[in-house]
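Inside the fold
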Amino acid sequence: MTVLLLVLGLLLLLGGAEFLVKGAAALATRIGVSPFLIGLTLVGFGTSSPELVASLEGAFQGYPGIAVGNVVGSNIANILLILGAAGLVFPMVCDRGALKRDGTMMLLAALALLGVCLLGSLSREAGFVFLAVLALYLVYTYRADRKGRDGAGELHASEAEFLKARTPMSLVIEIAMTVGGLAALVIGASLLVDSAVGIATRFGVSDSVIGLTLVAVGTSLPELATSVLAACRRKADIAIGNVIGSNIFNVLGIAGTVAVVKPIAVPADIASFDIWVMVAASVVFMVLAWTGARIGRIEALALLVGYGAYVTFLLQ
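Residues numbered from 1 in each chain as written. Predicted model: local features only at pLDDT ≥ 70, side-chain atom pairs only at ≥ 80, totals over all residues. Heavy atoms only, no water.

Here we come to the overall build of the protein chain. What the protein chain contains, in helices and strands, is 12 helices and 4 strands. Of all 316 residues assigned to the protein chain, the portion counted as buried reaches 54%. Within the protein chain, contacts between residues at least 6 apart in sequence are counted, and of these 89% link residues at least 24 apart. Of the roughly 13,100 Å² that the protein chain leaves accessible, carbon and sulfur atoms contribute 71%. (Helix = DSSP H or I, 4+ residues; strand = E, 2+ residues; numbered from the N terminus. Buried < 20%, exposed > 50% of the residue type's maximum accessible area, 1.4 Å probe, protein only. Contact = heavy atoms within 4.5 Å. Areas by Shrake-Rupley, 256 points an atom, 1.4 Å probe, with all protein chains shown as cover.)

Further remarks concern the packing of aromatic side chains. In this structure the tally under the stated criterion is 3 aromatic pairs. Pairing Phe273 with Phe313 gives two aromatic rings, centres 4.8 Å apart and planes at 45°, and the pair type is tilted. Here Phe273 is found in helix α11 (residues 268-290), whereas its partner Phe313 is found in helix α12 (residues 297-315), with 40 residues between them in sequence. Accessibility expressed as a relative area gives 46% for Phe313, which makes it partly exposed. Arranged with centres 6.2 Å apart and planes meeting at 45°, the rings of Tyr307 and Tyr310 form a pair that is tilted. Of this pair, Tyr307 and Tyr310 both sit in helix α12, 3 residues apart, which is roughly one turn of that helix. For the pair Tyr307 and Tyr310, one class covers both residues: buried. (Phe/Tyr/Trp six-rings, centres within 6.5 Å; stacked < 30°, edge-to-face > 60°.)

We now examine the nonpolar core. Counting residues in hydrophobic clusters, the biggest one holds 66 residues, and the most contacted among them are Val72, Leu113, Leu122 and Phe285. Those elements giving two or more residues to this core turn out to be α2 (35-60), α3 (64-89), α4 (96-119), α5 (124-148), α9 (221-232), α10 (236-261), α11 and α12. Take this core: its biggest share by element is 13 residues, from α10. Discounting residues that sit within four places of it in the chain, Leu113 has contacts with Val71, Val72, Leu122, Phe130, Val251, Ala255, Ile275 and Met278. (Core = buried A, V, L, I, M, F, W, Y, C linked by side-chain atoms within 4.5 Å.)

To continue, consider the side chain of Asn78. Looking at the secondary structure, you find Asn78 in helix α3. Since its relative accessible area comes to 0%, Asn78 is described here as buried. Looking at Asn78, its side chain comes within polar contact range of the side chain of Asn247, at 2.7 Å. Beyond its immediate chain neighbours, meaning those up to four positions away, Asn78 contacts Leu83, Ser220, Glu223, Val243, Ser246, Asn247 and Asn250. (Polar contact = N/O pair within 3.5 Å; in protein donor to acceptor, adjacent residues only side chain to side chain.)

Chain-level statistics for the protein chain give a pLDDT mean of 82 and a share of 86% at 70 or above. When pLDDT is averaged over each helix and strand of the protein chain, the minimum, 61, is found for helix α6 (residues 151-163) and the maximum, 94, for strand β3 (residues 264-265). (pLDDT = per-residue confidence, 0-100.)

With 23 residues, α11 extends 33 Å between its outermost C-alpha atoms, agreeing within 8% with the 33 Å of an ideal straight helix rising 1.5 Å per residue. Where α11 bends most, at Asp274, the angle is about 35°. (Expected span 1.5 Å × (residues − 1). Bend = angle between axes of the 7 residues up to and from the residue.)

Written out as structure tokens, the structure is:
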């Protein structure tokens, strides 16, 4: 029964995120919001919504390992697992011009979370700072994209175009998809956290390990589906941009929101090891992006092997 509830929770998270993104994007388009603003905000937030709901659920239920581990583990999985899987499907080239600004922001966010973890807690003050930085980043990016429509602006617009519904929808359907998607996320996150805690208790592993692996991968399913689909359509910039946007929102938006709503202590094992893995993965990605390196099948396989080694180490 626990496994069935886990699977049901994952399906609700995946479906809920899909409906939420498509419904909210359609509503935004209806009221005249520009495609690149939709790609910058709704797409990034929408695909990260499972992480948000699951982390809040973990924090309120008293499992800081799930709340923090989900953010850290999702960012690790986004780079090593998701980019690795997408690169195996179709080799990708990192566009330096399109990714250097957002990629730099992703790295800075990772370093900021490292600093908070070393201090030992996600305090309410840190949460407000994270959310303020996210707001400033969104405003700056929006203004920069409106003025120049550089590579990053085109990338955000193409993300919105890639994920929008294929056929026009009525207003009622758009609202129903948005509300229904949000409801599915809440229910799915509750089922995922409850079943994950049950599995952790049965097998004698910590909630941190479960948060870093099972919950993190489960809540990253929307990013995985989007990136692999983009790779299949030979849209490497969208696959990579999806990961960057998700990682930024995970740290600044999700960790920030959790800290403001429910300040929690950072588990010592995450602060001493896993956060460093997240920063190292972010640095590796930035090297690839800055040099315009190609993520071919060899590089993709190396990323997947790295993720496999990381998970194996955790489960020992």
